[in-house]
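# Descriptive structure summary
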Amino acid sequence: MALSPEKPALQKPALQVLLCSPRGFCAGLVRAIESVERALALYGPPVYVRHEIVHNRCVVESLRAKGAIFVEELDEVPDTGAPIIFSAHGVPRSVPEEAVRRNLFALDATCPLVTKVHRAAEIHYRRGREIVLIGHAGHPEVIGTMGQLPSGSVSLIESLAGAATFSPRDSNKLGYVTQTTLSVHDTAEIIALLKRRFPAIVGSPKEDICYATTNRQQAVKRVAPIVDAMIVVGAPNSSNSQRLKEVAERAGCPHAALLQRAAAIDWNEFAAIARLGITAGASAPEVLVEEIIDAFAQRYAVSVETVSAAEEGVFFPLPRPLREIQAAE
Ligand code: SF4
């Protein structure tokens, strides 16, 4: 019997993936996650965590499976001596005060770069300045920074329009700080407007937007103009991930999407593309980036190239109690 010739396999279209570097986890979130894992290992479950330790469902679920219990407020924590960890976003001053009052075993995983903003706001306050915080209402970091000082001493400005209409008590006694995860571009515009309107306003000697936010936006700016579409791996409530999507759009990317998992890919949006940019917010683990590349590899002949905007070697030691036990072992 003559064998029929084999049908040629359907060729997948080629897709070049440009991976932004740096992307994903920052030093502050690595420290926060390790704090929870370390506390679980040292003290055993349960370990209470105030607010999602990072804005990423995968990370939160995996810590929950190991015995972390996420709460929104301290009144959900029983007086059992179990540790309570404050998230990387920082907390209002009233929270550690309440923990001391109740004699709770509190571990503060606030990112040192957020703490730096808290200290800068305090310095403005001690020098008698009204403080402008540039940031997004309702974000945990903003709630934490505003909560460092008495109510009414910090005014929140969210946009250029807000900066244009802001009316201070005394324009010669003004200081500003910013949220760490803002758009570098938008924040520079807001600060420039405030400086034009209030030439005596005093800022931080060093930028408040953190290195991780700046570097991830820089990498997106390089990749976005030369790809057909861009995926930002991150959660909708992650501020720095939202900003990465905006930066991609502003840099000229025809289509940018913020996705948590490969299952969320709308394939109609990514049909007929030849070049795809991928980045990840500071709270997104690399395994999710790999999952998305694998999903594209099912449909495309994928080649991956990394586009680097900065090298990062930032490391923050664990909160002191966890560090001291670690050192003693
Ligand atoms: S995004 Fe920046 S400020 Fe926020 S936790 Fe990471 S390093 Fe710290």
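Placed above this text is the structure.
In the neighbourhood of the ligand, the contacting residues comprise Cys 26, Gly 28, Leu 29, Cys 111, Val 114, Thr 180, Thr 181, Cys 210 and Tyr 211. Residue composition of the shell around the ligand, grouped by class: six nonpolar, three polar and no charged.

Our focus in this paragraph is the pairing of strand E2 (residues 47-50). Burial of the side chains of E2 extends over both faces: Val 47 and Val 49 are buried on one face and Tyr 48 and Arg 50 on the other. Pairing between E2 and strand E3 (residues 68-71): four bridges, direction parallel. Each bridged residue has a counterpart across the sheet, and for Tyr 48 the counterpart in E3 is Ile 69. For the crossover that starts at E2, traverses helix H2 (residues 57-66) and ends in the parallel E3, the hand is right-handed. With three bridges joining them, E2 and strand E4 (residues 83-86) adopt parallel strand pairing. Looking at the pairing, Tyr 48 lines up with Ile 84 of E4.

Taking 1.5 Å of rise per residue, the 15 residues of helix H4 (residues 112-126) would be expected to cover 21 Å, and the 21 Å separating its terminal C-alpha atoms lies within 8% of that figure. The set of residues buried in H4 consists of Val 114, Val 117, His 118, Ala 120, Ala 121, Glu 122 and His 124. The secondary structure elements touched by the buried residues of H4 are strand E6 (130-134), helix H5 (140-146) and strand E8 (174-178).

One open sheet accounts for four strands, arranged E3-E2-E4-E5; its pairing is parallel. At either margin of the open sheet sits one strand with a lone partner, and together these are E3 and strand E5 (105-108). With strand direction ignored, the average angle separating the axes of adjacent strands in the sheet is 30 degrees. Bridge count for E4 against E5 is four bridges, and the pairing is parallel. Across the sheet, residue Ile 85 finds its bridge partner in E5, namely Leu 107. Here helix H1 (residues 27-43) sits on the sheet in contact with E2, E3, E4 and E5, set at roughly 175 degrees to E4.

On to the nonpolar core. Val 36, Ile 53, Leu 63, Phe 70 and Ile 85 are the most contacted members of the largest nonpolar core, which has 29 residues in total. Only H1, E2, H2 and E3 provide two or more residues apiece to this core. The biggest single contributor to this core is H1, with seven residues. In terms of nonpolar packing, the next biggest core, distinct from the first, is built from 23 residues, Ile 273, Ile 278, Ile 292 and Ala 295 among them.

So, how was this worked out
- Residues numbered from 1 in each chain as written.
- Predicted model: local features only at pLDDT ≥ 70, side-chain atom pairs only at ≥ 80, totals over all residues.
- Heavy atoms only, no water.
- Near = heavy atom within 4 Å.
- Nonpolar A, V, L, I, M, F, W, Y, C, P; charged D, E, K, R; others polar.
- Buried < 20%, exposed > 50% of the residue type's maximum accessible area, 1.4 Å probe, protein only.
- Helix = DSSP H or I, 4+ residues; strand = E, 2+ residues; numbered from the N terminus.
- Pairing = 2+ DSSP bridges.
- Right-handed = clockwise from strand over helix to strand, strands pointing away.
- Expected span 1.5 Å × (residues − 1).
- Contact = heavy atoms within 4.5 Å.
- Axes fitted to C-alpha atoms, helices over the stretch in contact; angles between N-to-C directions.
- Core = buried A, V, L, I, M, F, W, Y, C linked by side-chain atoms within 4.5 Å.

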